[in-house]
Structure formats: C-alpha cells, structure tokens
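Structural overview
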Amino acid sequence: MASWTSSEFLYEEIKPPGIHFLERFKRSGKLSFKQYQGMVFVLTFIAYIAFHASRKPNSIVKGTLSKPSTGHFKATDQGAWAPFDGPDGTALLGQIDLAFLSVYAVGMFVAGHLGDRLDLRTFLTIGMIGTGVFTALFGVAFWANIHNFYYFLAIQTLAGWFQSIGWPCVVAVLGNWFDKKRRGVIMGVWSAHTSIGNIIGSLMATGLLKFGWGWSFVGPALLITFLGIVVYLFLPVNPPAVEAERDGTEVDSTMRLGDTITESFLSSRMSTGFDRRAVGFLAAWKIPGVAPFALCLFFTKLVSYTFLYWLPFYVSQTEIGGEHLSQETSGNLSTLFDVGGVVGGILAGYFSDQLDGRAITAGGFIYLTIPALFLYRTYGHISMAVNIILMFTAGVFVNGPYALITTAVAADLGTHKSLKGNARALATVTAIIDGTGSVGAAIGPVLTGYIAAISWDAVFYMLMTAALISGLLLTQLIIAEVKTLLYGSSEDDEVVAASEPRPPIDVLI
C-alpha cells in the first residue's frame, strides 16, 4: 500500500492501476524494462505537449482581443473584446502574461521542492487537470460576457501555478529511466514536445477561433484534462515502483545511499533500497554548473517565450510580401518557428552527445541566435518564402539551447557526483534551472508589450542583447569543456564544472 513517511514527508510510489491491467495480457505477468521505458517516454512526451498546447491560445487570440492598431486585418477577424480594446490593450495583455509567468516561475521552485518529496504521478496529474480547469475558465468569459480585467488576471495567475507543476515532474520521471550516455539524443528528441505542443495548440486555437475565441481555450483544456487521467492510470515513476527487472544491458536509474554517481546516471543495481532523502534547495544551488546554466536560461527563455507569446501578433502586424495576413493565417504561419525548434532540440542533443560538451553546444547555438534574429527582422518582410526560411532558422537556434538546458543539462546536474549518490535531486535541480529561466520568460513578454508600442526594431534589439548575455554566462563552462576536449580528463571529471571538485554537498541543507 501507499504510505507517508512523516519524517521526510515522502510518498512511497505504488504501481499504477493501468499497469496492473496491461500485465494481464502478458504471459509472464510483467512488462519488460524496455516496454516501461517506451511507456515513460510516450506518456511524459504527450503530457508536456498538452501543457504547451494549453499555453498557446493566449498568444493566438491576442489580435482578436485587442483593438487592431493598423487597420489591415481581414474582414473575417472578430472584433475586439473589452477591456483589451483600448489603446492600452497590448499593455494589459502583457500584464496578464506577466502574472501567469511570474507565478509559473515562483511555482516552479515550489513544485520542484515538492516533486522530490511526493508521488510524481499524482502530483503531475493534479497539475494537468488544474491547468485544464483554469484554461477553460479563461474561455468561459466569452459566453459569460465577462469584461473584468481582474477576472482574466486571476484565472491566468492560478493557471500559472498548475502549469509550474508539469516540468519538474516529467524531467524527474524521464531521468529515472534513461542513462546519461544517451541522454542528449533521447532528451533532444523528447524535448520536441515543446514545439509540437506549440504547433498543436496553435492549430487548435486558430481552427476553433472562427467559432468564437472562447473555444480556442476550451479545446486545449479538454485535451490536457483527458491526458491527465491517462497519466494517472499508466505512468510508472521509477523502476522500484513497478518492480521492473533489467535485461542485463540496462543499469539502475536510482542511487543507493553511499554509492558514487559516475558518468552513468543508472550506475548500479539496487541491493538495499535507494536513498529517499530529498536534496535541499540551497544544496542544489551549490552543485557545480547549476548557477551558470540557470542564469543562462534566464535570458535564453526570455527570447523563446517572447516568440511564444508575441510571434503570431507580430506576424499579423507586419507586411509580408506587401500584404498583411489574417489572424488565422498568422497563427498557422508562426508554427514554423516551432518546427524549427523541433529540429534545433534534436540537433543540440546530438551534438552535445558527440562532443560530450553541453556548454559548448548550448553556447554555439545561442551565439548563432543573434544573426538569425537580425536577419528575420531585416529581411522577413520581403516575401512569404523568405519569411518561412528565416522564421524556421530562428526557431532552430532559439529553441535548441533552451531544449538542451532544460532537459539533458538539468538531468546531468541533478545526478552530479557531489550528491554522494542521493537520487532525489532531479526535480529540485530541474526546478531551479527552469524556474530561473521562467523569471526571464515572465519579463520578456511583458517588456515586449510596452516596447512593441514604440518599435518592433527595439524589441528585436532587446532579444539579441539577451542572447548575447546568455552566451557570455557560459564562457567559463565552455572554456572548461574545450580544455577537456583538447587535453582530456579522467572519467570522474565533470565537464559541467568550471572549478575544482568540491566537497560532498549536504543534501539536507
């Protein structure tokens, strides 16, 4: 039975009911380890697709809610919606984005702290269903004829909290099942959920927009609610929870108290039960590499989320080939940025595995983001074909390092050797890195809401400056990795550490 261990506030995971059902169709009565890995990959993948799909409607309906500032919108576009129909409409929408992302950022730290102490399957389900409820409530304003700004602000604030639960949970679960040597490529492919979720969310929101903007929120809300139930029924959190047995080619995903974490996260077979002590918040910050990657992601995510929330609106406000596009066409066209993000995430993961250099790969992509943004702003208006090529290219370089840092890098640092074998750091480290990045994600869109009213050129200069700072923050780590590539190191050396090995970290700090 499931039970609470009061001294550590931990919940002992149990086998999901859906696993019991599937085992009835197996002659051996058990699923293989690889089948569990496949199940974890697919379930966490579709779960975060749903999270990102539910964030996308807000950016799609911006042009519908706010009063058009150019007069070039198509006749089929819907009228504006109070209180966003005034001259300060974009600023109000920016404030709603700020509320959502600020709570999301703070909630990420809290969720990561709780994620290492609670049953991840139940916690993730709560996040998904809660997200569905508040995403739908935003759309309900359409039928209820609600025009109170504080209603929209409150709904987005609560949605931000439930959204923050998702990321620490899915990364921690995936990290429990896959080793480090393949982690870059696996998580590179897996990180495509961000862009695919954006694409699905964009297509759903734009497709339903013609029936009324409220449906643009209800559709993704129903999707994430349904998938939340599927996750609760089937997601295996870790091998011990489902008594998974390895076939001899796999190694364990959880660490024993006193074991040394080496290059492989799945380093040794369990013999006495794994360490259940969760790593403290301050202790996680002390792990070498966490702080620079977290600060780097602050600026990287600022750029990425500015595109997430404002790209459809920017496209609709910009002449492409001598004409303005409708809201629906602009939303569909913006998905090409996310298609580039899928390619970028996979390429970043592959190169980082081949080079054994996470910082080198992330830094290279970040620096290439600067010319990509400049070219898109300068030449994207020439024609539809040029816009598509440059938007796709920008997506590759903007989302590539974002995907790498939030997945493979976070998982690597969550199993750093300084933890002395403690296994319950992944959610906390993931939350620190992505939570810090989410602060930047909150700042970028709201700044854009104000700066865009002055000049879109200023917005792009802001984004290019953020990319430059992001790359500079990795300088020390890049130098360390270059030295390792040139002069070599022992297997126990941590490439992500830019300083000498530190004393073991007290996990309870």
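Residues numbered from 1 in each chain as written. Predicted model: local features only at pLDDT ≥ 70, side-chain atom pairs only at ≥ 80, totals over all residues. Heavy atoms only, no water.

This next bit is on the overall build of the protein chain. When you go through the protein chain residue by residue, the secondary structure sums to 20 helices and two strands. Counting across all 509 residues of the protein chain, residues that qualify as buried make up 60%. Accessible surface, the protein chain: about 18,900 Å² in total, of which carbon and sulfur atoms supply 66%. (Helix = DSSP H or I, 4+ residues; strand = E, 2+ residues; numbered from the N terminus. Buried < 20%, exposed > 50% of the residue type's maximum accessible area, 1.4 Å probe, protein only. Areas by Shrake-Rupley, 256 points an atom, 1.4 Å probe, with all protein chains shown as cover.)

What follows deals with helix α7 (residues 149–164). Along its 16 residues, α7 runs 23 Å from first to last C-alpha, staying within 8% of the 22 Å computed at 1.5 Å per residue. Among the residues of α7, Phe149, Phe152, Ile155, Gln156, Ala159, Gly160, Phe162, Gln163 and Ser164 are the ones counted as buried. Contact partners of the buried residues in α7: α2 (33–55), α3 (57–60), α5 (89–115), α6 (120–144), α8 (166–175) and α11 (213–234). Residue Asn148 occupies the N-cap position of α7, its side-chain oxygen lying 2.8 Å from the main-chain nitrogen of Tyr150. (Expected span 1.5 Å × (residues − 1). Contact = heavy atoms within 4.5 Å. Polar contact = N/O pair within 3.5 Å; in protein donor to acceptor, adjacent residues only side chain to side chain.)

Trp177, Trp213, Val315 and Ile433 are the most contacted members of the largest nonpolar core, which has 129 residues in total. For this core, the element with the highest residue contribution is helix α14 (residues 290–317), accounting for 18 residues. (Core = buried A, V, L, I, M, F, W, Y, C linked by side-chain atoms within 4.5 Å.)

Once that is clear, we can look at the environment of Pro17. With respect to the element layout, Pro17 can be found in helix α1 (residues 17–23). Each C-alpha atom of the pair Pro17 and Tyr232 lies 8.4 Å from the other, and the pair is 215 residues apart in sequence. Setting aside residues up to four positions removed in sequence, Pro17 forms contacts with Arg121, Tyr232 and Leu233.

Quick look at the pattern of salt bridges now. Under the criterion given, the structure shown has five salt bridges. Asp434 is the partner of Lys301 in a salt bridge, and the nearest nitrogen-oxygen pair spans 2.8 Å. Taken together, the positions of Lys301 in helix α14 and Asp434 in helix α18 (residues 426–451) put the pair 133 residues apart, joining distant regions of the chain. In this structure, Arg377 and Asp457 form a salt bridge, with 2.7 Å as the shortest nitrogen-oxygen distance. (Salt bridge = Lys/Arg side-chain N within 4 Å of Asp/Glu carboxyl O.)

So, on to the confidence of the model for the protein chain. Model confidence for the protein chain is summarised by a mean pLDDT of 80, while 80% of its residues fall at 70 or above. This model gives residues 69–77 a pLDDT under 50, and the stretch forms twelve contacts once residues within four places in sequence are excluded. Taken as a whole, residues 494–509 scores under 50 in pLDDT and shows 43 contacts with residues more than four places along the chain or in a different chain. (pLDDT = per-residue confidence, 0-100.)

Quick look at the packing of aromatic side chains now. The relative placement of two aromatic rings is captured by the distance of their centres and the angle of their planes. Per the stated rule, a full pass over the model turns up 34 aromatic pairs. With a centroid separation of 5.5 Å and an interplanar angle of 80 degrees, the aromatic rings of Trp310 and Phe313 are classed as edge-to-face. Linking Trp310 with Phe313, this pair stays in helix α14, spanning three residues, or about one helical turn. In terms of burial, Trp310 and Phe313 fall into one category: buried. What links up through ring pairs into an aromatic cluster is the set Trp81, Phe84, Phe138, Phe142, Trp143, Phe149, Tyr150, Tyr151, Phe152, Trp213, Trp215 and Phe217. The cationic tip of Lys62 hangs over the ring face of Trp310; the distance from NZ or CZ to the ring centre is 4.9 Å. (Phe/Tyr/Trp six-rings, centres within 6.5 Å; stacked < 30°, edge-to-face > 60°. Lys NZ or Arg CZ within 6 Å of the ring centre and 35° of its normal.)

This part covers the packing of helix α16 (residues 358–379) against helix α20 (residues 475–487). Running from N to C, α16 and α20 point in directions that differ by 125 degrees, and their axes come no closer than 8 Å. Taken together, the axis directions place α16 and α20 in an arrangement best described as oblique. Seen along the crossing, α16 lies across α20 with a hand that is left-handed. Only Thr475, Leu477, Ile478, Glu481, Val482 and Leu485 of α20 make contact with α16, whose side of the interface consists of Arg358, Ala359, Ile360, Gly363 and Tyr367. Here the contact of α16 with α20 is composed, by residue class, of seven nonpolar, two polar and two charged. (Axes fitted to C-alpha atoms, helices over the stretch in contact; angles between N-to-C directions. Parallel < 35°, antiparallel > 145°, perpendicular 65-115°, else oblique. Left-handed = near helix turned anticlockwise from the far one by under 90°. Nonpolar A, V, L, I, M, F, W, Y, C, P; charged D, E, K, R; others polar.)

In this structure, Ser330 sits in helix α15 (residues 327–355). Overall, the relative accessible area of 1% leaves Ser330 in the buried class. In this structure the side chain of Ser330 is engaged in a polar contact, spanning 3.4 Å, whose partner is the backbone nitrogen of Ser316. Here Ser330 is in contact with Pro312, Val315, Ser316 and Leu325, once residues within four sequence places are set aside.

Tracing the backbone through its elements, the reader meets Lys56 in the loop between α2 and α3. Asp338 is the oppositely charged side chain nearest to the buried, salt-bridge-free Lys56, at an N-O distance of 4.4 Å. With near-sequence residues (within four places) excluded, Lys56 lies in contact with Asn198, Gly201, Ser202, Leu308, Pro312 and Asp338. (Lys, Arg positive; Asp, Glu negative; His and termini not counted.)

Taken together, the side chains of Val185, Val189, Val339, Val343, Ile346, Leu347, Tyr350, Phe351, Leu355, Phe392 and Leu485 present a nonpolar region at the surface, about 790 Å² in accessible area. Only α9 (183–190) and α15 provide two or more residues apiece to the nonpolar patch. In terms of residue count, α15 provides more of the nonpolar patch than any other element does, seven residues in total. Within the fold, Val339 resides in helix α15. (Patch = residues over 30% accessible without salt bridge, like charges linked within 9 Å, V, L, I, M, F, W, Y side chains within 5 Å.)

This paragraph deals with the environment of Gly344. You can see Gly344 is positioned in helix α15. Gly344 gets classed as buried once you look at its relative accessible area, which sits at 0%. Each C-alpha atom of the pair Gly344 and Asn399 lies 6.2 Å from the other, and the pair is 55 residues apart in sequence.

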